[in-house]
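Chain by chain, the residues run as shown.
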Number of protein chains: 2
Amino acid sequence: MDKKKEIPDIIVARLPLYLRALNILREKGNTTNSKELGEFLGFSAAQIRKDLSQFGEFGKQGTGYNIEFLSRQIETILNIDDDWKMILVGCGNIGHAIMNYSGFSRNRFHIVAAVDSNPELVGKTVNDVIGIRSIDDLQQIIQTEGIQIAMLTVPAAEAQKMAEKLVEYGIKGILSYAPVLLNLPDDIQIEYIDPVLSLQHITYYLK
Amino acid sequence: MDKKKEIPDIIVARLPLYLRALNILREKGNTTNSKELGEFLGFSAAQIRKDLSQFGEFGKQGTGYNIEFLSRQIETILNIDDDWKMILVGCGNIGHAIMNYSGFSRNRFHIVAAVDSNPELVGKTVNDVIGIRSIDDLQQIIQTEGIQIAMLTVPAAEAQKMAEKLVEYGIKGILSYAPVLLNLPDDIQIEYIDPVLSLQHITYYLK
């Protein structure tokens, strides 16, 4: 079975949430169940069982899930049982916030390089670790380091062109902070961080 | 019909994407159709038609959708045909990036106040407009300004407690940048901006 085709993406998108919930529930004990997980996440117990059953048998009727085991399984499914290298493209306000955030490396996502087109930023060191390099070095950095994931924080008007370059240089997944939809080949994984979309979702339920 | 109950949230979540796509397609003409919208967004034409049919009849067989009309309708459905006031709670790196981002006000979401608990930040002005105020003024600001939406950018360890205070003071929707799941009453709308979750979604498809 080609899992990449068979499992609906909407279920895949929920697995990181499950993992986060398990990390918190772990403090209370060694096991959990679909009811507790569901209450924690705001999904029904049936939804939880249905989601997880897509990937295999993780629990037993009556005894629930072993938290440690289920966490390791989900990490393996998501390919996050190993470290990932990332490059940050764009070192403005958002880029700086990203470089100063320790949550990425805590979760095995390591920013190994950051580039910007502004010569005034090149050479600057952020957070004692990341030295900003010239955008001209982009291809060389990606290929030398074997980087597959890029965080894109360039202005909206430059995002599409820069994303195309990243793909040309070998990037397979892009986390984009630019408020535009990127048009890239189907095999490139794109996720958007866009607070306006989230706010527009919230307001549907307000008033 | 209570639309808040009847329409699946997953469809509501796609409406902001439709709106963004329509804003771009508008440059090319006055009308579009489910095929073009679907290609643009990476959904099937059938999915687009099914989603939009939940809210009413927006297009005619054979002639497609009038972009201007459909945009206005979606804005009305999402309650974004008017301005919203927001308060920013936490003015660290992410908070500063948010205050410097013009995309919120361009989309009628206005940060009318920002608060922080650090006395060294209080009184500071960011982006010529937003003066950071003391966290002690939180309740008074929310109630005087009649603010319903908060952006929460405090450290993870403080997020739950702060979110409870926000709800107590009258906040109805929270956009949280803290990497923790908030446990709040069901009628509070919460959205999370969490790049680690997005990266863990990307890696499922890599390797």
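Conventions adopted
Residues numbered from 1 in each chain as written. Chains lettered and ligands numbered in written order. Predicted model: local features only at pLDDT ≥ 70, side-chain atom pairs only at ≥ 80, totals over all residues. Heavy atoms only, no water. Least-squares fit on C-alpha atoms with pLDDT ≥ 70 in both. Contact = heavy atoms within 4.5 Å. Buried area = accessible area lost by both parts, 1.4 Å probe. Salt bridge = Lys/Arg side-chain N within 4 Å of Asp/Glu carboxyl O. Helix = DSSP H or I, 4+ residues; strand = E, 2+ residues; numbered from the N terminus. Nonpolar A, V, L, I, M, F, W, Y, C, P; charged D, E, K, R; others polar. Buried < 20%, exposed > 50% of the residue type's maximum accessible area, 1.4 Å probe, protein only. Phe/Tyr/Trp six-rings, centres within 6.5 Å; stacked < 30°, edge-to-face > 60°. Lys NZ or Arg CZ within 6 Å of the ring centre and 35° of its normal. Domains from an automatic or database assignment. Pairing = 2+ DSSP bridges. Axes fitted to C-alpha atoms, helices over the stretch in contact; angles between N-to-C directions. Parallel < 35°, antiparallel > 145°, perpendicular 65-115°, else oblique. Polar contact = N/O pair within 3.5 Å; in protein donor to acceptor, adjacent residues only side chain to side chain.

Participant: Let's hear about the relation of the copies chain A and chain B: which residues, and what values?
Facilitator: The operation relating chain A to chain B is a screw motion whose rotation component is 180 degrees, with 0.0 Å of axial translation and a residual RMSD of 0.0 Å. Both copies are brought into coincidence by an operation consistent with a two-fold rotation axis. A share of 100% of the interface residues of chain A reappears at the interface of chain B, consistent with the copies meeting face to face through the same patch.

Participant: Which residues make up the interface of chain A and chain B, and what values go with them?
Facilitator: Counting residues at the interface gives 58 residues for chain A, matched by 58 residues for chain B. When chain A packs against chain B, close to 5,800 Å² is buried across both sides, 70% of that on carbon and sulfur atoms. Area buried by chain A at its contact with chain B is led by Arg20, Leu181 and Tyr204 of chain A, which between them contribute 14% of it. At the junction of chain A and chain B, the tally comes to 2 salt bridges. Arginine 20 of chain B is the salt-bridge partner of aspartate 194 of chain A, the closest N and O atoms lying 2.0 Å from each other. For the side of chain A that touches chain B, the element with the most residues is helix α10 (residues 195–204) of chain A, which contributes 10 residues. Broken down by class, the residue content of the side of chain A that touches chain B amounts to 36 nonpolar, 12 polar and 10 charged.

Participant: Explain the pattern of salt bridges to me, using residue names and the numbers behind them.
Facilitator: Residues and elements named next belong to chain A. All told, the structure shown has 18 salt bridges over all chains when counted by the stated rule. As a salt-bridge pair, arginine 108 and aspartate 83 come within 3.2 Å of each other at their nearest N and O atoms. With arginine 108 in the loop between α7 (103–106) and β5 (109–116) and aspartate 83 in the loop between α5 (67–77) and β4 (84–89), the pair connects residues that are 25 residues apart, well separated along the chain. Judged by its relative accessible area of 32%, arginine 108 is partly exposed. Among the residues examined, aspartate 83 registers a relative accessible area of 41% and is labelled partly exposed. Ionic contacts of the salt-bridge type, sharing partners, join the residues Arg26, Glu68, Arg72 and Glu75 into one network.

Participant: Residues and numbers for the packing of aromatic side chains, please.
Facilitator: Applying the stated criterion across every chain, the model contains 6 aromatic pairs over all chains. Arranged with centres 4.8 Å apart and planes meeting at 85 degrees, the rings of tyrosine 204 of chain A and tyrosine 205 of chain A form a pair that is edge-to-face. Judged by relative accessible area, tyrosine 204 of chain A falls into the buried class, the value being 0%. Sitting over the ring of phenylalanine 43 of chain B, arginine 14 of chain B keeps its end group 5.6 Å from the ring centre.

Participant: Go over unusual backbone geometry, please, and point to the residues and values.
Facilitator: Positive phi, normally seen in glycine, also occurs at asparagine 79 of chain B, with a value near 60 degrees. Taking relative accessible area as the criterion, asparagine 79 of chain B reaches 11% and is therefore assigned buried.

Participant: Help me get a handle on the domain arrangement of chain A, residues and values and all.
Facilitator: Taken domain by domain, chain A comprises domain 1 (3–77) and domain 2 (84–197). Just the C-alpha atoms count here: the centres of domain 1 of chain A and domain 2 of chain A sit 31 Å apart.

Participant: So what about the pairing of β5 of chain A? Which residues, and what values?
Facilitator: Residues and elements named next belong to chain A. In terms of burial, β5 is largely enclosed, as 6 of its 8 residues are buried. Direction of pairing for β4 relative to β5: parallel, over a ladder of 6 bridges. Bridge assignment links leucine 88 to a residue of β5, and that residue is alanine 114. Where β5 lies against strand β7 (residues 130–134), 3 bridges are found, and the strand directions are parallel. When the bridges of β7 are listed, alanine 114 appears paired with isoleucine 132.

Participant: Help me get a handle on the packing of helix α3 (residues 34–41) of chain B against helix α4 (residues 45–53) of chain B, residues and values and all.
Facilitator: Residues and elements named next belong to chain B. At a minimum axis separation of 8 Å, α3 and α4 run at an interaxial angle of 110 degrees. Considered as vectors, α3 and α4 are oriented roughly perpendicular to each other. Listed contacts from α4 to Ser34, Lys35, Leu37, Gly38 and Leu41 of α3 are Ala45, Ile48 and Arg49. Looking at side-chain class alone, the contact of α3 with α4 contains 4 nonpolar, 2 polar and 2 charged residues.

Participant: Break down the side chain of threonine 153 of chain A for me, citing the residues and quoting the values.
Facilitator: Residue and element names in this part refer to chain A. Considering the arrangement of structural elements, one finds threonine 153 in the loop between β8 (149–152) and α9 (156–168). By relative accessible area, threonine 153 is classed as buried at 13%. A polar contact is formed between the side chain of threonine 153 and the backbone oxygen of glycine 90, at a distance of 2.5 Å. Beyond its immediate stretch of four places on either side in the chain, threonine 153 contacts Leu88, Val89, Gly90, Cys91, Ile94, Gly95, Ile98 and Tyr177.

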